[in-house]
Protein chains: 2
Amino acid sequence: MGLIVHKYGGTSMGSTERIKNVAKRVAKWHDAGKRIIVVPSAMSGETNRLIALAQEIMPQPDQRELDMITSTGEQVSIGLLSMALMALGKEAISFTGWQVPVLTDSSHTRARIQSIDAKRVMSALDEGKVVIIAGFQGIDDKGDITTLGRGGSDTSAVAIAAAMKADECLIYTDVDGVYTTDPRVVSEARRLKKITFEEMLEMASQGSKVLQTRSVEFSGNYQVPTRVLSSLTDPLMPLEEEAVSGTLITFEEDAEMEQTVISGIAFSRDEAKIMVIGVPDKPGIAFKILGAIADANIEVDMIIQNQSVAGITDFTFTVPRADYERAIAVLNTKVKGEINAKDIVGDNRVSKVSAIGVGMRSHVGVASKMFETLYQEGINILMISTSEIKISILIDEKYTELAVRALHKAFELDKV
Amino acid sequence: MGLIVHKYGGTSMGSTERIKNVAKRVAKWHDAGKRIIVVPSAMSGETNRLIALAQEIMPQPDQRELDMITSTGEQVSIGLLSMALMALGKEAISFTGWQVPVLTDSSHTRARIQSIDAKRVMSALDEGKVVIIAGFQGIDDKGDITTLGRGGSDTSAVAIAAAMKADECLIYTDVDGVYTTDPRVVSEARRLKKITFEEMLEMASQGSKVLQTRSVEFSGNYQVPTRVLSSLTDPLMPLEEEAVSGTLITFEEDAEMEQTVISGIAFSRDEAKIMVIGVPDKPGIAFKILGAIADANIEVDMIIQNQSVAGITDFTFTVPRADYERAIAVLNTKVKGEINAKDIVGDNRVSKVSAIGVGMRSHVGVASKMFETLYQEGINILMISTSEIKISILIDEKYTELAVRALHKAFELDKV
């Protein structure tokens, strides 16, 4: 008898009416003889409400206490969903993160899952119950409540599916799958029936918001077949149809998939570029610059260092847009003088566009086609970074839609 | 260095501004060198909001899942109060019921505390931290969250004070102490500086809503000096003044107190009277009637059985008004036929008025003075029940205020 993990986001859990719909869908799967674990998010708006309350008290909330507060959103959800299933005549039981327990490290508000104890959950499943587990949360070895960061319920669901050796993890969301690019930008964007784990990982980390990057990592590390599908369909639609809908994240590159070079175009406006100008080109400079940024807990994405001229070079990198001002301040106060840089300049109106596909490995000319397409549209490339299965370029933000549409067409993603 | 437990109700925790005021008050006590544990309730309205959500899903909510949901109200409160203390520069840490842990039985929504582990709390106090513990909640031996029932935070506070061997438990509330009777009914009502534990227990169980009955039981069983005082005063008022304000619940009947015969008049409109008419006066009848009521989980308070005439008698008792209809139905369907009763009649417009005082023990004539006073006001007594330190009478509800005022005056409670 198959074990399936369902995950529902905040929108799907947004009202008691919607929770009843989730229960109908879950009951349908249980009726079909599946063992079901459900991982819901907090009701939409609830996490923000709780954070706002905390910030009224303490503008920079203490992280342990913030986790104490925000973890209640999911705790309410699991109780409500469990009751909604009981109201349909199902046996159900809810567990918080600490009741499972889902053991994490102690990095409050962005903890990482270390292990999941399957015992209590398995025993409830054996009794025929639908098991509801709070997403987004865990417990550390001190017995304190932790949370996994925004979107952490996806990670919870995939990690639980891995720990329980589930047959599939179904991520129900308000879109019906993973698209070749954002359909709001390119109307010809197509839903992918399958995508490899590596491509999905790049899509997520390059700006596609369908799945949280860390949940994709989990899915890959533990080889959990994961499907992204819509929670907006009729909850009583035929199960055979629902079971093959959406986009499946797979671990094999099958024959069908090898035919395409590029699977999708991702983009992110959450970018800012910083240039440290006129620094001596000698060992230790990159470390001094990026070390100070890392100490300030700011993540760096793309990095380039120009060819040096007369022993002097420029050093350029990107940071999340929200950290831009802080990064500039850190460089001016802690770095500029020490490394004797001429100037610190930046631009927070840039965006990153990425072409992603495992087919890239065996095809030459992907990069040149990308650059040519952008050249023809008159779009200047500010930075480039590549990996085995993706090419990312940084451009002026105002060209974002133009670049995405042109690349989507150039790589024939609108064609099946 | 003294250990003090503070308890704050939902009104005191009603907004982030009020929580900041609570923090100021707590910080003042900590500054004075006290070790402080704070037990807050949920923000006012929050528990009702959560119950309403649950009932939208399941009109008779599953009790385990309801506890899962309602316990989050206090969990949010402790996080917010902990942060408010940090914002004042104090070290603070919050614990849920299961983190302490506060071990209870498994009677969800009305659990009883069995034991409290002092270890983690004591260690945080030793580090100089203010410790905030969620009221109203605990954990059972299966690892499930339980709650103690309405007003359970009072019980939590007193039980924690007992377990931690605190010097005093301060119950901060929206009244400034225990009064000789409800000041809204009798304007001459006086605040008592002291009240014995036994009197307080009778006051609480006879209708005074200042403290939950179970919390008074705990206070008595573990001899925890407990003080009821106002949270509406200036949080920065001098500590020496605040420390002796309100009403202290004591365990000795000191000289001062023996002078008064009656300490207070309590009353409750939450009463209904039921008569089983024309039953054979033989052994087992009372059991058959009250057994059926107990099986329906309805509490019985006053009980009388009339003198039998020709082997036939009437049996009368009172139940909480909310259970009246259900009790009548139980008797009609399950009892009437079996015991061959002539009729089941009742009245849910009755109230109970009680005169309470340890001085009653050594004074004759308290009952006769009470009956005479009511006779002079033309109030008919429907039932009487007595204990060593209280006399309760059941009367027509419309005479409640009249009876309370007359008795307050007759026993000279308006005079210091």
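Residues numbered from 1 in each chain as written. Chains lettered and ligands numbered in written order. Predicted model: local features only at pLDDT ≥ 70, side-chain atom pairs only at ≥ 80, totals over all residues. Heavy atoms only, no water.

The name that an unreviewed UniProt entry assigns to chain A is Aspartokinase, with the source organism given as Oxalobacter vibrioformis. What UniProt records for chain A under Catalytic activity (unreviewed entry) is the sentence "L-aspartate + ATP = 4-phospho-L-aspartate + ADP". Under the heading Sequence similarities (unreviewed entry), UniProt records this for chain A: "Belongs to the aspartokinase family." (UniProt positions renumbered as here; feature names shortened; annotations may be inferred.)

A. Spotlight on the relation of the copies chain B and chain A. Once chain B has been moved 0.0 Å along the axis and rotated by 179°, it coincides with chain A to within an RMSD of 0.1 Å. In symmetry terms, the pair is related by a two-fold rotation axis. For chain B, the residue whose C-alpha comes nearest the rotation axis is T72 of chain B, separated from it by 2.7 Å. Interface residue correspondence from chain B to chain A reaches 100%, placing this contact among same-surface, isologous pairings. (Least-squares fit on C-alpha atoms with pLDDT ≥ 70 in both. Contact = heavy atoms within 4.5 Å.)

B. Representation of the confidence of the model for chain A in the model. Considering every residue of chain A, the mean pLDDT works out to 91; 98% of them sit at 70 or more. Under the prediction, the complex receives an ipTM of 0.82, its pTM being 0.83. (pLDDT = per-residue confidence, 0-100.)

C. Structural view of the domain arrangement of chain A. As assigned here, chain A comprises domain 1 (3–175 + 210–252) and domain 2 (264–410). When each unit is reduced to the centre of its C-alpha atoms, the spacing between domain 1 of chain A and domain 2 of chain A is 35 Å. (Domains from an automatic or database assignment.)

D. Spatial organisation of the packing of helix α5 (residues 152–163) of chain A against helix α7 (residues 213–221) of chain A. Residue and element names in this part refer to chain A. Where α5 contacts α7, the axes come no closer than 7 Å and their chain directions differ by 10°. Judged by the angle between their axes, α5 and α7 are roughly parallel. Contacts between α5 and α7 involve D154, T155, V158 and A159 on the former and, on the latter, R214, S215, F218 and S219. Split by residue class, the contact of α5 with α7 holds three nonpolar, three polar and two charged. (Axes fitted to C-alpha atoms, helices over the stretch in contact; angles between N-to-C directions. Helix = DSSP H or I, 4+ residues; strand = E, 2+ residues; numbered from the N terminus. Parallel < 35°, antiparallel > 145°, perpendicular 65-115°, else oblique. Nonpolar A, V, L, I, M, F, W, Y, C, P; charged D, E, K, R; others polar.)

E. Quick look at the interface of chain B and chain A. Tallying the contact residues gives 44 residues for chain B and 44 residues for chain A. Both sides together, the interface formed by chain B and chain A hides about 3500 Å², and carbon and sulfur atoms give 67% of it. Of all residues in chain B, I57, M83 and W98 of chain B give up the largest surface area on contact with chain A, accounting jointly for 21% of the area buried on that side. Our count for the contact surface shared by chain B and chain A stands at four salt bridges. Between D144 of chain B and R120 of chain A there is a salt bridge, and its shortest N-O distance comes to 2.7 Å. Linking chain B to chain A there are 20 residue pairs in polar contact (both at pLDDT 80 or more). Looking at the side of chain B that touches chain A, the elements with two or more residues in it are α1 (16–31), α2 (46–57), α3 (63–87) and β3 (92–95) of chain B. The greatest single-element share of the side of chain B that touches chain A, amounting to 17 residues, is contributed by α3 of chain B. For the side of chain B that touches chain A, the residue count by class is 24 nonpolar, ten polar and ten charged. (Buried area = accessible area lost by both parts, 1.4 Å probe. Salt bridge = Lys/Arg side-chain N within 4 Å of Asp/Glu carboxyl O. Polar contact = N/O pair within 3.5 Å; in protein donor to acceptor, adjacent residues only side chain to side chain.)

F. Structural view of the pairing of strand β2 (residues 35–40) of chain B. All names here are of chain B. For β2, the tally of buried residues reaches six of six residues, placing the bulk of the element in the interior. Side-chain alternation along β2 places R35, I37 and V39 on one buried face and I36, V38 and P40 on a second face that is also buried. Relative to β2, strand β1 (residues 3–8) runs parallel, the two sharing six bridges. When the sheet's bridge partners are listed, Y8 is paired in β2 with P40. Each parallel crossover has a hand, and for β1 linked through α1 to β2 it is right-handed. Judged from the two bridges that link them, β2 and strand β6 (residues 130–133) form a sheet pairing that is parallel. Looking across to β6, one finds that I37 is bridged to V131. (Buried < 20%, exposed > 50% of the residue type's maximum accessible area, 1.4 Å probe, protein only. Pairing = 2+ DSSP bridges. Right-handed = clockwise from strand over helix to strand, strands pointing away.)

G. Quick look at the packing of aromatic side chains. Counted according to the given criterion, the structure contains nine aromatic pairs over all chains. Relative to F251 of chain A, the ring of F197 of chain A lies with its centre 6.1 Å away and its plane at 35°, an arrangement referred to as tilted. Highlighted residues: F197 of chain A in helix α6 (residues 197–205) and F251 of chain A in the loop between β12 (247–250) and α9 (255–258), separated in sequence by 54 residues. Accessibility expressed as a relative area gives 18% for F197 of chain A, which makes it buried. We classify F251 of chain A as partly exposed; its relative accessible area is 24%. Consider the rings of F315 of chain B and F317 of chain B, whose centres lie 6.3 Å apart with planes at 55°: the pair is tilted. Across the pair, F317 of chain B and F315 of chain B agree in class, each one buried. (Phe/Tyr/Trp six-rings, centres within 6.5 Å; stacked < 30°, edge-to-face > 60°.)

H. Inspection of helix α6 (residues 197–205) of chain B at higher detail. The complete set of buried residues in α6 of chain B reads F197, E199, M200, E202, M203 and A204 of chain B. Phi turns positive, to about 125°, at G207 of chain B, one or two residues after α6 of chain B.

I. Structural context of the pattern of salt bridges. This structure, assessed with the given rule, holds 48 salt bridges over all chains. One salt bridge in this structure joins R64 of chain A and E65 of chain A, with 3.0 Å as the shortest N-O distance. When its relative accessible area of 12% is taken as the criterion, R64 of chain A is described as buried. We classify E65 of chain A as buried; its relative accessible area is 0%. Here E397 of chain B and R321 of chain B are joined by a salt bridge, their closest N and O atoms 3.4 Å apart. Placement of the pair is E397 of chain B in the loop between β18 (390–396) and α13 (400–410) and R321 of chain B in the loop between β15 (312–319) and α11 (324–339), with a sequence separation of 76 residues.

J. Main features of the nonpolar core. Core analysis: the biggest nonpolar cluster contains 78 residues, and L80, L81 and L85 of chain A together with L80, L81 and L85 of chain B have the highest contact counts within it. With residues near it in sequence (within four places) discarded, L80 of chain A still touches I19 and M43 of chain A together with L53, A54, I57 and I69 of chain B. Among the nonpolar cores identified, the runner-up in size contains 43 residues, and V5, V100, A161 and V216 of chain B belong to it. (Core = buried A, V, L, I, M, F, W, Y, C linked by side-chain atoms within 4.5 Å.)

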